[in-house]
Each structure stands twice: as structure tokens, then as C-alpha cells.
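# A look at the structure
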Amino acid sequence: MKQVANKDAVLRIGKDEKWIDETDTAYETNESDGYALEEALRMKEAVGAGEVVVCSLGPQRVKTVIKDALARGADRAIHIVVDEVNRMSPFQIAKTISDAISDEKADLVMSGLQSDDNGYGQTGVILAELLGIPHATLVIEVDRSSADGAALRLKRELESGWYQWFTYQLPALLTIQSGISQIRYASLKGIMAAKKKEIKEISPSAETQSFDSKQKIEKVYFPLKMKQTQMLGAGDVKKGAVELIEKLRAEVRIF
Amino acid sequence: MILVFIEHKNGSLNKISLEAIAAGQTLGKELGLGVAAVIPAGANIGELGNQIAGYQLDRVIVAQNDALSIYTPDGYTNSLEKIIKTQNPKFVLAAHTYQVRDFFPKLAARFGKEMVGDCIRYKTEGGKIVLTRRIFLGKIDSDVVIEGDAPYFVTFQSGAFRGDNAVKGQAAVETTQVEAGEIRMKPDEPFQEVKAAVDLSKSEIIVAVGRGIKSQENIQLAQQLADAFGADLAASRPICDAEWLPIDRQIGSSGQTVAPKLYIALGISGAIQHLVGMKNSGTIVAINKDAEAPIFDIADYGIVGDIFEAIPVLVEEVKKAKG
Ligand SMILES: Cc1cc2nc3c(=O)[nH]c(=O)nc-3n(C[C@H](O)[C@H](O)[C@H](O)COP(=O)(O)OP(=O)(O)OC[C@H]3O[C@@H](n4cnc5c(N)ncnc54)[C@H](O)[C@@H]3O)c2cc1C
Ligand SMILES: Nc1ncnc2c1ncn2[C@@H]1O[C@H](COP(=O)(O)O)[C@@H](O)[C@H]1O
């Protein structure tokens, strides 16, 4: 699970123009990662056994994501401590996570589909390849009753309202699409219980840090505006609303 | 050489692959590289090979194996890995579709690489390529360079190149048998959920709500505005994910594609997956409290502010305008 800048945060470009200015950024759990955790918890409940382990790579602040996941019901956590997570490429992140979790021999690995900040959309897929297990992306339903330890049926989202069921050999890695189920809240009991759960901190190996085929961000900036938008109301919403209907009448001839 | 991946279903071309051909041709011209296309193919792909050979390409490689009749990430990765190893391309290009995002990162990882995905444009600087990706859900652009040796795996966002700009020509078709390796997943046939109850593709006016609507109770405010206009109500994905509106109201790459005369986006940020579903609307109105929201980039009219202040006034004014 990844921690990302809050979706509603006002973004500013950082001084070195290589990332946003994070001075007083508020953070949250990446959206699809919350759904991935929920699916993992439901799977454990359906099977009636097993363990859900959360893994997050990032600076100390990602403990918030980890603690929240533990409060929702995850059993323990692995925190790979890296300060500059946004200078790492998806292959580097996947390799570091793979090194950290391969000994766990998980039956199922779940990740989010895509991060809301970098949006690489590939960390999970690369991780599967490095772990030597098959993967499915855009998973929108899991037939939990089909999980017999050897295989699993799952539904993938295709474009424009199409879907497809697959049967996967286990172990497998699924990247979970937002909306797969409704996410539970942490209960007070869960929050208390979380305090006693294990969070193992580990540092990445130097080898993963020296990966040399990475994509490197040279510069970030606000997109150039392509279209002339008529902005209405100049800060006065009510005035803008009145002007809008007048424009729709006079210029667009809606009425 | 630049290798362009062609996507299809049973020989029927996914037209967005023409954008990938256009991208390959443009990049090839600039960098002085030849361009070839590759089509993973099952038993029968009909005329697809010849169709692609009608473009200006060095050759069209049909990578044939019965196991490729239906897409699987393992089958496609294993066979394309073989093709790349024999062809040695400098770039492997594709359009950033759901299928491509499923297997391209795996294919790249086979070569110890990653993809530079969902690029919106590129430029060259002294023979080096700089690719632009849109990050933070469309709010920021990021110029990236790729370090290390070829092959480089790059995908372009829909609309980054125009399919009609793909230059026509005459290429040779080479069919080769390819190993598909072990396939660890078994696909069923793709299907559509029971026909959507509402078909928004014929709507004249759409009022669409996004996460800015805050709660399920507030949906009825948007409904009032839709009623005043005589419009259909639609939504961005998070609204349907939360089940505040049914999924057949979702607009975007996973939902419906619409082009009404008027599209009013209330509290929608304008992520690319939403924009592809509505950008061809006649007139686009956006109301959002964030002046930097990407939705304003495609809007004809914009109001920066709170939708809860705007909606009641709009309802009144529409009623007045309609008389
Ligand atoms: C593979 C894939 C497929 C996807 N498919 C789809 C799809 O089909 N359709 C789709 O829509 N999305 C899809 N998405 C999700 C998409 O990336 C965005 O996450 C989503 O569109 C965001 O929805 P939103 O704009 O409602 O929410 P947000 O991005 O959270 O934006 C909410 C907006 O509301 C504004 N706001 C908040 N409060 C107010 C207020 N009081 N007044 C005015 N404005 C306010 C905020 O400034 C913000 O801009 C897909 C994503 C992926 C990765
Ligand atoms: N730093 C990280 N720590 C934990 N998980 C991550 C991290 N980065 C990416 N992921 C996972 O990989 C998914 C895809 O991320 P991305 O490839 O950046 O779009 C996310 O939804 C997460 O589940």
C-alpha cells in the first residue's frame, strides 16, 4: 500500500522542479490500495484462516497508512524505510518490495491498480514477474468461494463496460481496481488491537538502489492550457451561475 | 528499429493501434529508425495482416500460435519476448489500452526494464528522447528520460497521436510461428454486463456529478438541476464505486462514452479516464472549487466555486430561461 498526497491538496511545484513541494502536504492511502486491502481482508474471512500482511515502502510518515490498515484488520506489517520514494522508479520499487516479501511465500499478493501521484500503473505487474507468479490487472471481482488453494476465479474490467472472467493458478498477484467492494471503517476495537500488532522495519539493499534502466523525472510543471475557457463570475459563484445560463441561451442556444 | 504492437480481437483491429503506428512513424523519422509492426495471432486473424501492411512500415510480423487466439498476459509476454529477442528493436511502442497496461510492464520486466507509460507527447534533445507523462491525476506534467540501454518500452495515451495521420504504404507480411510458453491463467469469453438500463450515448444534455458532491443525500441536488434542464444524470467513477448511482451512469474509459450537446460537470476533477468518455461533447461546462482542476482545460465555460452555491441559482435560472 502506498501513501500519496491528498487528492484535494493544492499542489505546488517544488524548488528543484523535480517533484511537488511537500512542505505541508496532507497524505492519504492511495485509493485503489484501500480496495486491495479490503479484498484481502474479505478473502481471509471467506477462507476462515490465514494472515493478511501489509507492506508499504516510504518514509516514516507511511506509518499512518500501515497503522490504519492494521486497525482495519491486517495482522502485521512490513515497512520498507526509504526517504525519497518518489525518486524511485516502478522497477526499483517492485524489486525492493520483491526482496522484502519473497520469503513470505504469500498465496495471494494484492496491490492497487495505479498510484494517484506517479500513476505508473505497473509496480504490481513487475512485482509479479520478479516473484515468478502470474498476475491479473484491473480486477473488479474475486469469486472467493472458488479459492481452493490452487486456483482462483476473478473478473477483470475491460474497456467500455466489457468484462472477462479468468481462472488463475495460485500463487498469483492481483492489481485491484477501485470499487471492487465497499471499504470498511476501522472500529475502535480495531484501533486498540492495532497497537499490539507487529510492524517490521527493513532497509532496502544497495543493489535495488543502483538499478540503471529507470525512467528519471527531469522536470515537473503545470500543464499548458490548450483551450480558451470562458471563466464566469470572477469568483462570485452566484453571478457566474446567472451568466452561465445567459450564455447557454445566447451562445449555445440551449433554450 | 521501432517495433509497434498491434492490438486486435479475433482479427478485428483496435483502431487505437493506428495511433501507435503514427507514433512509431513520427519517432522513426526523427530518430532515423525503421518501423515494424507485430501482431500476436491465433489460428485465424483474417485480413488483419494485410490491413496493417497497408501502412508505411518496413514489415508486419504476424507472430502465430494457436494459444494466442485469446489474450492472456503470459501468452502475449512469452511470445513477444521471443520476437523482441530476434528483432532487437530500440523502441517497443504501443497505445496505452487496458490490454497493454496489463502485459507491457511484464514484458519490459523480462528485459530488466520498465515501461514509460501513458505518455502524452515527446521531444528529442540531442538524439535523446524526453517523454511527457501526466501525473497527479492530470494536474501536473512530468518530463522523463530513460536511462540505460535499449529496448525502451513506451506507451502513448489515446489522442497523443492521430490515427488518420498514420502514413499509408506497402509493407511485406512475415508470418512466423512463435512459442507461447506456459500460460498460467485460463480466460473465459469477454462479455458485457446485462445491457445498460440507461443509454446515455443519445442524451442531449447531461449533468454529471463527481466526488465534489460529497454525499449520497446530495445527489438529489444534481437530480434537481438535471430535471430543470430535462437532462440525464451521470457520474464519475468514485460516485458509482460508492454505489451512490448505478454503474450504468458512469462516464469514462470503463463506462459510457457520450457526446451530448451540453455536458455539465459538477465537482469532477477531469482525470483522463473520465475525459475520454465525454470530451467530444458539444459544449462543456465545469464547476469546480479548484481553479487548477484539469476539467477546466477542456471546458468551454467554467465557474470556479462551490457547486452547492451554484446549483440552486442554476435551477432557478434554467426555470426562468425555459419560461
Ligand atoms: C484504469 C482506470 C479506469 C478508470 N475508469 C474511469 C471511468 O470510466 N470514469 C471515471 O470517471 N473515472 C475513471 N477512473 C478514475 C479516474 O482516474 C479518477 O479517479 C476519477 O475520474 C475521479 O473522479 P472525480 O473527479 O469525481 O473525483 P476527484 O478527482 O476526487 O475530484 C473531485 C473534484 O471535486 C472538486 N470539489 C470538491 N468539493 C467541491 C465543491 N463543494 N464544489 C465544487 N467542486 C468541488 C475538487 O476540487 C475536485 O476537483 C479510472 C481510473 C483508472 C486507473
Ligand atoms: N511505495 C510503495 N509502497 C507500497 N506499495 C506501492 C508503492 N508504490 C506502488 N505500490 C503499489 O503498486 C501499485 C501501483 O503503483 P504505480 O505503479 O505507481 O501506479 C499501488 O497501487 C500500490 O499498491
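Refer to the preceding data block for the structure.
As a starting point, this report considers the structure included with it. (Residues numbered from 1 in each chain as written. Chains lettered and ligands numbered in written order. Predicted model: local features only at pLDDT ≥ 70, side-chain atom pairs only at ≥ 80, totals over all residues. Heavy atoms only, no water.)

### A short note on the interface of chain B and chain A
- The interface of chain B with chain A comprises 85 residues on the first partner and 87 residues on the second.
- For the pair chain B and chain A, the two sides together bury roughly 7900 Å², of which 54% comes from carbon and sulfur.
- Counting every contact that joins chain B to chain A gives nine salt bridges.
- Remark: the boundary between chain B and chain A carries 45 residue pairs in polar contact (both at pLDDT 80 or more).
- The dominant element in the side of chain B that touches chain A, judged by the number of residues it contributes, is helix H8 (residues 307-322) of chain B, at eight residues.
- Looking at the side of chain B that touches chain A residue by residue, the class counts come to 38 nonpolar, 14 polar and 33 charged.
- Of the strand pairs in this sheet, strand E12 (residues 230-231) of chain A and strand E18 (residues 301-304) of chain B are connected by two bridges, and their pairing is parallel. (Contact = heavy atoms within 4.5 Å. Buried area = accessible area lost by both parts, 1.4 Å probe. Salt bridge = Lys/Arg side-chain N within 4 Å of Asp/Glu carboxyl O. Polar contact = N/O pair within 3.5 Å; in protein donor to acceptor, adjacent residues only side chain to side chain. Helix = DSSP H or I, 4+ residues; strand = E, 2+ residues; numbered from the N terminus. Nonpolar A, V, L, I, M, F, W, Y, C, P; charged D, E, K, R; others polar. Pairing = 2+ DSSP bridges.)

### Overview of the nonpolar core
- Judged by nonpolar contacts, the single largest core of 47 residues is most densely connected at Ile21, Ile52, Leu57, Leu93, Leu131 and Phe156 of chain B.
- Ranked by the residues each element gives to this core, the list is headed by helix H1 (residues 16-31) of chain B, at six residues.
- When near neighbours in sequence (up to four residues on either side) are disregarded, leucine 131 of chain B contacts Val116, Cys119, Arg121, Tyr122, Ser142, Asp143, Val144, Ile146, Val154 and Phe156 of chain B.
- The next biggest cluster of nonpolar side chains, apart from the first, holds 37 residues, and it includes Val237 of chain A together with Val209, Ala310 and Val313 of chain B. (Core = buried A, V, L, I, M, F, W, Y, C linked by side-chain atoms within 4.5 Å. Buried < 20%, exposed > 50% of the residue type's maximum accessible area, 1.4 Å probe, protein only.)

### Re the packing of helix H4 (residues 123-131) of chain A against helix H4 (residues 98-110) of chain B
- Two numbers describe how H4 of chain A lies on H4 of chain B: the axes approach to 8 Å, and their chain directions differ by 45°. Taken together, the axes of H4 of chain A and H4 of chain B lie oblique to each other. The handedness of the crossing between H4 of chain A and H4 of chain B is right-handed. Note on element contacts: H4 of chain B touches H4 of chain A through Arg101, Asp102, Pro105, Lys106, Ala109 and Arg110 of chain B, opposite Val125, Ile126 and Glu129 of chain A.
- Across the contact of H4 of chain A with H4 of chain B, the residue classes tally to four nonpolar, no polar and five charged. (Axes fitted to C-alpha atoms, helices over the stretch in contact; angles between N-to-C directions. Parallel < 35°, antiparallel > 145°, perpendicular 65-115°, else oblique. Left-handed = near helix turned anticlockwise from the far one by under 90°.)

### Details of the layout of surface pockets
All names here are of chain A.
- For the second largest pocket, the calculated volume is near 1300 Å³.
- As for the second largest pocket, its lining consists of 50 residues, and the residues nearest its centre are Val53, Leu108, Val109, Met110 and Ser111.
- When contributions to the lining of the second largest pocket are tallied by element, the ones reaching two or more residues are helix H1 (31-47), strand E3 (53-58), strand E4 (76-81), helix H3 (90-101), strand E5 (108-112) and H4.
- Sort the elements by how many residues they give to the lining of the second largest pocket and H1 lands first, with seven residues.
- The residue makeup of the lining of the second largest pocket, split by class, is 27 nonpolar, 14 polar and nine charged. (1 Å grid on protein atoms, 1.4 Å probe; cavity = no way out; pocket = protein on both sides within 12 Å on 5 of 7 lines; lining within 4 Å. Points joined across faces, edges and corners; volume = space filled by probe spheres on them.)

### Digging into the site of ligand 1
- With respect to spatial proximity, 33 residues lie near ligand 1, and among them Ser236, Ile251, Ser269, Gln273 and Asn288 of chain B are the closest.
- More than one chain reaches ligand 1: the nearby residues come from chains A and B.
- Contact between ligand 1 and serine 236 of chain B: an oxygen atom at 2.6 Å from a side-chain N or O atom of the residue.
- Here an oxygen atom of ligand 1 and a backbone polar atom of arginine 237 of chain B are 2.9 Å apart.
- Protein contact buries 94% of the 990 Å² of open area that ligand 1 shows by itself. (Near = heavy atom within 4 Å. Areas by Shrake-Rupley, 256 points an atom, 1.4 Å probe, with all protein chains shown as cover.)

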